[in-house]
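Here is how the chains run, residue by residue.
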There are 2 protein chains.
Amino acid sequence: MKDLSAIFEPRSVAIVGASANPVKWGCIIPSNILMNSFDGGIYLINPKGEEILGMEVYKNIKDVPGEVDLAIIVRPSETCLSHIEECVDKGVKSIILLSGGFSEAGDGGTALENRIVDVVRGKNVPLVGPNTMGIYSAPVSLSALMPPVTPKKGPISFISQSGNIGTNILSFGGEMGLGFNKFVSCGNAADIDIADYLEYLDSDQKTKVVVLYMEGVRDGRKFMDVAKRVSLKKPIIAYKAGKTAKGVMAAASHTGALAGSSKVYQSAFKQCGITEASTVNEITDLARAFLYLPLPKGNKVGIVTWGGGYGVVATDACEDAGLEVPELDEEVLEALDKILPPYWSKGNPVDLVAMMEGVIEGKMPDILDILVKSDGIDAVIASGYILGGINPTNQKTEGFTTFYDEVNRNNVAKIIELMKKYEKPIIPVTTVADQRAVQRFSEEEIVIYSSLESTANILAKMFGRYKYLEW
Amino acid sequence: MKDLSAIFEPRSVAIVGASANPVKWGCIIPSNILMNSFDGGIYLINPKGEEILGMEVYKNIKDVPGEVDLAIIVRPSETCLSHIEECVDKGVKSIILLSGGFSEAGDGGTALENRIVDVVRGKNVPLVGPNTMGIYSAPVSLSALMPPVTPKKGPISFISQSGNIGTNILSFGGEMGLGFNKFVSCGNAADIDIADYLEYLDSDQKTKVVVLYMEGVRDGRKFMDVAKRVSLKKPIIAYKAGKTAKGVMAAASHTGALAGSSKVYQSAFKQCGITEASTVNEITDLARAFLYLPLPKGNKVGIVTWGGGYGVVATDACEDAGLEVPELDEEVLEALDKILPPYWSKGNPVDLVAMMEGVIEGKMPDILDILVKSDGIDAVIASGYILGGINPTNQKTEGFTTFYDEVNRNNVAKIIELMKKYEKPIIPVTTVADQRAVQRFSEEEIVIYSSLESTANILAKMFGRYKYLEW
């Protein structure tokens with residue numbers, strides 16, 4: 001197992017190729033590190049010396065007075081071998097090679113990449129990349145990334161073969177309440193591959209959920225062995241890009257990855273207990289679900305809906321995802337009869353039939369309670385339970401908005417309470433395309449989606465993980 | 001053909017069952033009508049008389065001094081027959097029966113519904129509903145709806161068998177720049193069915209795109225005949241709910257609709273030139289696409305991507321949707337060679353390889369121009385062309401945000417110009433789950449999505465419409 005602690009918890013960082021030009025990565029990278037208040041020392045290296053960002057510049061990494069745990073190289077590919085030799089001579093403990101122009105760029109690049117790997121492996125200096133956008137690490141507040149991203153801190157760690165997709169999820173995930181612990185854009189993965197990162201995260205106490213964006217791995221057996229071990233402890237969510245023939249070609253020119261057949265990967269994921277995300281946006285939906293929801297112990301879904309149309313859509317979505325929308329037990333029907341108006345749907349989905357009075361009297365949580373405690377129900381989808389429906393640009397509805405917000409806060413608290421009590425997942429779904437509630441409650445231990453189809457798919461995948469672990 | 005003008009362009013409206021209690025529909029409905037500044041007269045009816053919302057109340061509709069074009073009934077189902085008889089006697093020209101408790105509630109309700117239909121058909125008074133959430137009409141600013149929705153005005157008309165899904169799309173569509181002309185929640189469609197509304201919209205000059213949320217129709221032949229005629233003039237987008245066996249049952253208890261097999265509907269849609277939305281959220285995506293994009297005349301997609309990962313995902317998404325990601329012509333490659341750095345991907349997808357300088361120098365529109373004018377390309381997906389990637393909660397990046405916004409405004413204007421010039425669709429896609437750019441440019445004649453998978457599906461469906469019209 002490779003020791004990657006110098007990469008993810010360095011006490012000092014050096015930037016080889018530092019620049020005063022604000023559109024050069026040599027300036028942007030140290031700016032990002034400074035902006036995010038890295039906990040350790042920072043050294044800038046440029047043969048011209050002088051000052052950059054108000055800091056002293058060293059002409060060569062060998063001139064740095066103290067120890068360097070992590071060197072980040074942002075120089076053109078043809079000069080990188082000599083920089084890496086200098087780093088190794090200096091005793092640098094780990095390297096991130098951000099530069100592109102290696103195996104992803106053709107045969108000449110591959111030869112250069114192989115020489116670099118020989119140098120760092122000879123001295124046991126782990127190397128991230130090349131062709132990477134960098135790393136993030138919450139414990140030391142290190143944002144050594146190309147884009148100016150300030151991730152929210154939390155328990156998700158993320159290994160990405162795409163720098164852009166990775167850093168975008170890192171950036172926007174925070175708005176959905178997703179906090180990150182470690183992130184790496186693994187680039188061409190010349191020295192450290194996905195399995196190595198996964199193995200490191202396995203023993204990382206701060207990582208509770210692992211997310212992978214992957215195009216392909218070179219050593220499938222090693223990847224599967226590690227993944228099988230990790231997935232018994234922590235959920236692993238993977239999105240596999242390069243699924244179609246043309247997609248495989250695109251992946252080859254992107255990271256030089258052997259993308260391989262999507263069926264082979266799908267079957268491998270299943271064997272390893274990896275949960276596959278079907279779309280890029282499902283990556284974050286799944287991460288949040290695994291963080292905050294208990295796993296469903298069966299596939300029977302109770303649906304509560306404020307409006308029959310959503311009930312029909314939710315039912316279709318569940319059935320399409322392989323979930324069941326069962327009849328309700330007699331005692332459940334009787335209990336609901338006491339709360340709902342006489343003309344209610346008397347079945348699953350439970351239609352709240354535009355029950356304004358019920359909302360005002362706070363009856364919605366009682367309905368959830370009756371459903372979720374039934375032995376015949378393993379999970380609940382609550383469509384319209386989080387009230388939206390008010391156009392916020394309409395100033396005249398301000399009173400409604402304040403009232404709705406209070407109802408929503410109470411209802412969200414009640415869902416969290418019910419999930420703890422009955423250990424079953426309850427997912428409220430907002431109205432069409434309305435993401436406000438998602439952001440409004442992003443700090444709560446609850447999952448809110450804005451698509452019924454996505455919700456059903458997520459529940460089916462969570463049940464898949466339950467089966468993998470228990471059966 | 002039924003004359004529905006008294007419903008959609010009434011000069012006066014009466015609310016039968018008006019109430020001073022702010023949680024009753026009898027109060028909410030007239031409040032919504034007043035709030036949205038209806039262009040005609042409003043009469044409130046309640047046997048107690050007195051005043052409601054500062055307005056005079058008539059004890060019976062027969063006491064109203066002037067003519068009533070549209071009566072809206074919000075009384076319990078068992079009293080509705082006599083109210084309708086009174087309306088007909090008064091000479092009311094059309095009726096909306098909001099009340100539930102009819103055919104959707106069982107045999108007793110069906111009998112009552114049939115008697116009501118007999119009464120209104122006897123006098124040629126068209127009736128919306130029962131079990132409806134009402135209607136909206138932009139030309140007279142009439143928002144006779146249960147939820148307090150103020151739709152944005154525009155050229156989309158929408159027939160919905162679900163009141164909640166309909167009014168939610170009406171409400172949130174505005175934030176995506178979607179403007180509506182006529183909306184009807186058709187409820188049980190006892191008198192006027194979907195085909196009747198569709199026929200009315202056919203000759204409505206203000207309607208450019210028709211959207212349907214449907215659970216089922218009673219007279220399939222009539223529906224298909226009308227739809228075939230309309231779809232040659234205007235795009236029809238339909239979402240069919242009640243696709244699975246359990247979904248069909250849920251639809252029956254919702255609107256009493258005969259949902260029927262989803263395969264039958266799919267094939268009917270295809271024959272009629274109706275574009276089917278696969279998810280609820282795709283309804284609005286398609287509506288915007290048909291409003292603002294030229295139809296692609298072939299299935300060959302050029303992909304521009306800022307980051308190779310998105311290029312791989314976009315390629316997979318296109319191939320999965322039945323689109324082609326072709327090799328680029330020699331002259332396209334040569335033209336791009338002059339703009340892009342020497343290590344660019346030299347193929348489709350065109351990876352802008354983290355080209356910060358290119359962004360600053362405004363080169364991105366030039367790259368689009370080269371692609372879109374090529375004979376080998378029918379449509380362009382531009383991933384990352386709309387710059388996001390900056391977490392707005394991070395105050396330190398304000399300078400970047402302002403700069404990015406200016407770049408985005410220029411680039412959006414350039415796309416609109418290129419689409420007009422070459423008559424090919426160009427769709428920019430934002431980074432993962434970032435909807436800000438969608439809202440930022442919602443008033444422009446452009447379509448921005450936040451999912452590459454959705455984008456590919458939409459393009460494939462637009463090409464489907466092109467084939468239907470041209471082949």
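Details of the structure are given in the entry above.
The structure displayed is predicted, hence computed values, not measured ones.

A few points about the state of the cysteines
- One pass over the structure, following the stated rule, counts zero disulfides over all chains.
- Cysteine Cys27(A) is unpaired, with the sulfur of Cys80(A) as its nearest cysteine sulfur at 19 Å.
- Not engaged in a disulfide, the cysteine Cys272(B) finds its nearest cysteine sulfur in Cys186(B); these two sulfurs lie 17 Å apart.

Quick look at the packing of helix H10 (residues 280–292) of chain A against helix H17 (residues 452–470) of chain A
All names here are of chain A.
- Between H10 and H17, whose axes approach to 10 Å, the crossing angle comes to 55°. Classified by the angle their axes make, H10 and H17 are oblique. Helix-helix and strand crossings are classified by hand; for H10 and H17 the assignment is right-handed. The residues of H17 that touch H10, namely those facing Glu282, Asp285, Leu286, Ala289 and Phe290, are Ser454, Asn457, Ile458, Lys461, Met462 and Arg465.
- Class assignment of the residues belonging to the contact of H10 with H17 gives a composition of five nonpolar, two polar and four charged.

Remarks on the packing of helix H11 (residues 308–320) of chain B against helix H17 (residues 452–470) of chain B
Residue and element names in this part refer to chain B.
- Where H11 contacts H17, the axes come no closer than 8 Å and their chain directions differ by 35°. The chirality of how H11 crosses H17 is right-handed. Contact with H11, carried on its side by Tyr310, Val313, Ala314, Ala317 and Cys318, involves Leu452, Glu453 and Ala456 of H17 and no other residues of that element.
- Across the contact of H11 with H17, the residue classes break down as seven nonpolar, no polar and one charged.

Details of the nonpolar core
- Core analysis: the largest hydrophobic core is formed by 167 residues, its most contacted members being Leu336(A), Val350(A), Leu368(A), Leu336(B), Val350(B) and Leu368(B).
- Setting aside chain neighbours within four positions, we find Leu336(A) in contact with Leu328(A), Trp344(A), Val350(A), Ile367(A) and Ile370(A).

What about the packing of aromatic side chains?
Residue and element names in this part refer to chain B.
- Considering all chains together, one arrives at 14 aromatic pairs over all chains under this definition.
- Ring centres of Phe8 and Tyr197 lie 6.4 Å apart, and the angle between their planes is 80°; on these two criteria the pair is classed as edge-to-face. Remark: Tyr197 occurs in helix H6 (residues 194–202) and Phe8 occurs in helix H1 (residues 5–8); sequence separation between them is 189 residues.
- Overall, Phe8 belongs to the buried group, its relative accessible area being 2%.
- A ring pair is formed by Tyr265 and Phe269, whose centres lie 6.2 Å apart and whose planes are at 65°; its orientation type is edge-to-face. With Tyr265 and Phe269 both in helix H9 (residues 262–272) and four residues apart, the pair spans about one turn of that helix.
- Of the residues examined, Tyr265 reaches a relative accessible area of 10% and is grouped as buried.

Things to note about the pairing of strand E15 (residues 301–305) of chain A
All names here are of chain A.
- Within E15, five of the five residues are buried, which leaves the element mostly enclosed by the surrounding structure.
- Alternating positions in E15 separate into two faces, Val301, Ile303 and Thr305 on one and Gly302 and Val304 on the other, with burial throughout.
- Bridge count for E15 against strand E17 (residues 379–383) is five bridges, and the pairing is parallel. Within the sheet, the bridge partner assigned to Thr305 lies in E17 and is Ser383.
- As defined by bridge partners, E15 adjoins strand E16 (residues 350–351) across two bridges and the pair is classed as parallel. Across the sheet, Thr305 pairs through a bridge with Asp351, a residue of E16.

Definitions and limits used
- Residues numbered from 1 in each chain as written.
- Chains lettered and ligands numbered in written order.
- Predicted model: local features only at pLDDT ≥ 70, side-chain atom pairs only at ≥ 80, totals over all residues.
- Heavy atoms only, no water.
- Disulfide = S-S within 2.5 Å.
- Axes fitted to C-alpha atoms, helices over the stretch in contact; angles between N-to-C directions.
- Helix = DSSP H or I, 4+ residues; strand = E, 2+ residues; numbered from the N terminus.
- Parallel < 35°, antiparallel > 145°, perpendicular 65-115°, else oblique.
- Left-handed = near helix turned anticlockwise from the far one by under 90°.
- Contact = heavy atoms within 4.5 Å.
- Nonpolar A, V, L, I, M, F, W, Y, C, P; charged D, E, K, R; others polar.
- Core = buried A, V, L, I, M, F, W, Y, C linked by side-chain atoms within 4.5 Å.
- Buried < 20%, exposed > 50% of the residue type's maximum accessible area, 1.4 Å probe, protein only.
- Phe/Tyr/Trp six-rings, centres within 6.5 Å; stacked < 30°, edge-to-face > 60°.
- Pairing = 2+ DSSP bridges.

Geometry only, nothing functional implied.
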